[in-house]
Amino acid sequence: MDLSAEFKRWKAQCLSKADLSRKGSVDEDVLEIVQLLNGQEQFFTTSSCAGRIILLDGSINGSEVQKQNCCWLLVTHKACVKDDVIVALKKAKGDAVLKFEPLVLHVQCRQLPDAQILHSVAMDSGFRNSGITVGKRGKIMLAVRSTHGLEVPLSHQGKLMVTEEYINFLLKIANQKMEENKKRIERFYHCLQYALEKETVSTTSHPKEKVNTSYIRKKKRNPAKARGKCVTEGNEKELENNDHDDPGISVTIFPEDC
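Residues numbered from 1 in each chain as written. Predicted model: local features only at pLDDT ≥ 70, side-chain atom pairs only at ≥ 80, totals over all residues. Heavy atoms only, no water.

### Topic: the overall build of the chain
Within the chain, the secondary structure is distributed over 7 helices and 11 strands. Sorting the 258 residues of the chain into buried and exposed places 43% on the buried side. Of the contacts formed within the chain by residues at least 6 apart in sequence, a portion of 73% connects residues at least 24 apart. Surface exposure of the chain reaches about 14,600 Å², of which carbon and sulfur atoms provide 50%. (Helix = DSSP H or I, 4+ residues; strand = E, 2+ residues; numbered from the N terminus. Buried < 20%, exposed > 50% of the residue type's maximum accessible area, 1.4 Å probe, protein only. Contact = heavy atoms within 4.5 Å. Areas by Shrake-Rupley, 256 points an atom, 1.4 Å probe, with all protein chains shown as cover.)

### Description of the side chain of D114
Tracing the chain through its elements places D114 in helix 4 (residues 112-124). Residue classification places D114 among the buried positions, given a relative accessible area of 7%.

### Thoughts on the nonpolar core
Ranked by size, the top nonpolar core spans 29 residues in total, and within it I33, L105, L118, F188 and L192 carry the most contacts. Within the residue set of this core, elements represented by two or more residues are helix 2 (28-38), strand 5 (104-109), helix 4, strand 6 (131-134), strand 7 (140-144) and helix 5 (164-205). Counting residues per element, this core draws most heavily on helix 5, which supplies 7 residues. In this structure, L192 is in contact with I33, L36, L37, L118 and V121, ignoring residues within four places of it in sequence. (Core = buried A, V, L, I, M, F, W, Y, C linked by side-chain atoms within 4.5 Å.)

### With respect to unusual backbone geometry
You will see that Q157, though not glycine, has its phi angle at about 55 degrees, which is positive. Mapped onto the secondary structure, Q157 falls in the loop between strand 9 (155-156) and strand 10 (159-160).

### A look at the environment of N175
As for its placement among the helices and strands, N175 is situated in helix 5. N175 gets classed as partly exposed once you look at its relative accessible area, which sits at 21%. It is 8.0 Å that separates the C-alpha atoms of N175 and K78, two residues lying 97 residues apart in sequence. The residues contacting N175, other than those within four sequence positions of it, are I53, A79 and C80. A distance of 2.8 Å separates the side chain of N175 from the backbone nitrogen of C80, its partner in a polar contact. (Polar contact = N/O pair within 3.5 Å; in protein donor to acceptor, adjacent residues only side chain to side chain.)

### Observations concerning the side chain of K11
Considering the arrangement of structural elements, one finds K11 in helix 1 (residues 3-16). An unpaired buried charge is present at K11: no salt bridge exists, and E41, the closest side chain of opposite charge, is 8.0 Å distant. Of note is the side chain of K11, whose polar atom sits 3.2 Å from the backbone oxygen of N38. K11 has contacts with N38, Q40, E41, F43 and F44, leaving out every residue within four places of it along the chain. (Lys, Arg positive; Asp, Glu negative; His and termini not counted. Salt bridge = Lys/Arg side-chain N within 4 Å of Asp/Glu carboxyl O.)

### Focus on the environment of K183
With respect to the helices and strands, the residue K183 is situated in helix 5. Its relative accessible area of 44% is what places K183 among the partly exposed residues. Taking the C-alpha atoms as reference points, K183 and G126, 57 residues apart in sequence, are found 9.4 Å from one another.

Right, dumping it as structure tokens:
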């Protein structure tokens, strides 16, 4: 099988499909990243969410809130205020849960080295729960994910179980997480630009080399050398402090494609 031709077919097919998300379009905060990736021969995005604060009303009889089986009382991709949550909670009949979900971005990559470069960008930008999966048919998927989410139950069987003061406290935390998420998205975009520029220069200088391994992230390297222009004085210390729980590059081989 010609994987290069197959990848082009997958990309054309995916990008020609209608957006079936609830919003029906790409979130503004992640639009530049999506456009940049889709403009490259070796990548295309399959799904994305820039991050959101949501209030879900789950089933009264259910022990676990699942999005497909619950009512969305409130969804926002911006900072949330208490009054909006209080109004939305009045509609709850089951178990209402307040959640903050950080950026999720799925990117299909042409080759594993391409995915490794993108994985390095994600890790260096603070998305430390990112990983690579390889399907049986050769589909290589990178998931950009973070761990700084939030999920707190607020009501049970339609009855509010917390005070408005506590809701206000939770929203302060959720809004702070949203702000940090936006900073990481901006960092990801700039690191991605730098990595792609470096890859282009490397390919031009060494046309026979298929992979630029200088940007592939390895543990215990000097962060300034590893990340180059991606590290600023403001975030270098933060990234160094987080290196102790760096999972590195994780590749999972799945027996069947999803």
